[in-house]
Amino acid sequence: MNSQAKLSTSYSDVLLGPGKDGQFPTARQGLAVSGLSSTQQALVLAAITPWVKVADDTTSASLLSTYRSELSSTYISYSGSSSLSSQGDYVRIDGPGVWIEFVCQNGVVYSGVHHHTVYRDHTRDYGGKFSF
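So, a few notes on the structure that sits alongside this text. Here the residue index of a chain counts from 1 through its sequence in written order. Local features in a predicted model are, by the rule used here, given only for residues with pLDDT of at least 70; side-chain atom pairs are given and counted only at 80 or more, and totals for whole chains, interfaces and linings are based on all residues. Water and hydrogen atoms play no part in the side-chain values, which are based on all heavy atoms of the structure.

Observations concerning the overall build of the protein chain
A tally of regular secondary structure across the protein chain gives two helices and five strands. Only DSSP runs of H or I reaching four residues or more are called helices, and only runs of E reaching two or more are called strands; each is numbered from the N terminus. For the protein chain, the sequential pattern of α-helices and β-strands runs β-α-α-β-β-β-β. Principal-axis analysis of the C-alpha atoms gives the protein chain an extent of 40 × 35 × 25 Å. Taking all 132 residues of the protein chain together, the buried fraction comes to 36%. Contacts are assigned to residue pairs with any non-hydrogen atoms lying within 4.5 Å of each other. Considering only intrachain contacts with a sequence separation of at least 6, the fraction spanning at least 24 residues in the protein chain is 56%. Accessibility here uses a 1.4 Å probe with only protein chains present; expressed as a share of the type maximum, an area under 20% marks a residue as buried, one over 50% as exposed, and anything in between as partly exposed.

Given below as structure tokens:
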């Protein structure tokens, strides 16, 4: 992974989990997607897609179109290792709209690593404009 994408902070859980509505960081961190090749930008959009596809087809198509148009202002970042297999491995996609976090945690009930993730939107958080 690119060193520009590496965050200086480590994470043991998602930043914007329950009770953290609207508490987005004021500055985007990491690597600007605008500096990536078109193939790499397509991979970022492909990474966003599974979270957005939980909505109905019309809503997800609209959101993906929006997020595609905002890729030049979107940032990707990570903390820990890029393998996403150990405690504290963390990835973030942060754009004008999209916010996705994914973190690995050690299991408490079950041994091994389990994952926490959250998908939010800076302007449409929790369905302000969604139709489910």
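What to know about the sheet that holds strand β1 (residues 31-32)
Strands qualify as paired when DSSP identifies two bridges or more between them. Ordered in space as β1-β2-β3-β4-β5, the five strands form an open sheet in which the pairing is antiparallel. A single partner strand is all that each edge strand has here, and the edge strands are β1 and β5 (113-121).

Brief notes about the packing of helix α1 (residues 38-52) against helix α2 (residues 57-69)
Axes, fitted as lines to C-alpha atoms, cover a helix only where it is in contact. Angles between the N-to-C directions of the axes lie from 0 to 180 degrees. Direction vectors running N to C along α1 and α2 enclose 150 degrees, while the axes themselves pass 10 Å from each other. Between α1 and α2, the angle falls in the class roughly antiparallel. Of the two possible hands of crossing, α1 and α2 adopt the one that is right-handed. Judged by residue contacts, L45, I48, T49 and V52 of α1 engage S60, L63, L64, Y67 and R68 from α2. The nonpolar class holds Ala, Val, Leu, Ile, Met, Phe, Trp, Tyr, Cys and Pro. Asp, Glu, Lys and Arg form the charged class, and all remaining residues, Gly among them, are polar. Grouping the amino acids of the contact of α1 with α2 by side-chain chemistry returns six nonpolar, two polar and one charged. Oblique is the label for every angle not falling under 35 degrees (roughly parallel), over 145 degrees (roughly antiparallel), or within 65 to 115 degrees (roughly perpendicular). If you view the pair so one helix is near and one far, a crossing is left-handed when the near helix is turned anticlockwise from the far one by less than a right angle, and right-handed when it is turned clockwise.

Description of the nonpolar core
One recurring pattern in soluble globular proteins is that nonpolar side chains are buried together. Side-chain atoms within 4.5 Å are what join buried Ala, Val, Leu, Ile, Met, Phe, Trp, Tyr and Cys residues into a set we call a nonpolar core. If you look at the biggest cluster of nonpolar residues, it comprises 17 residues, and the most contacted ones within it are V44, I48, Y67, I76 and I93. The greatest single-element share of this core, amounting to four residues, is contributed by α1. Look past the residues within four positions of I76 in its chain and what remains in contact with it is A5, Q29, G30, L31, V33, L36, V44, R92 and I93. Formed by nine residues, the second largest nonpolar core is a distinct cluster that contains L7, L16, F24 and Y90.

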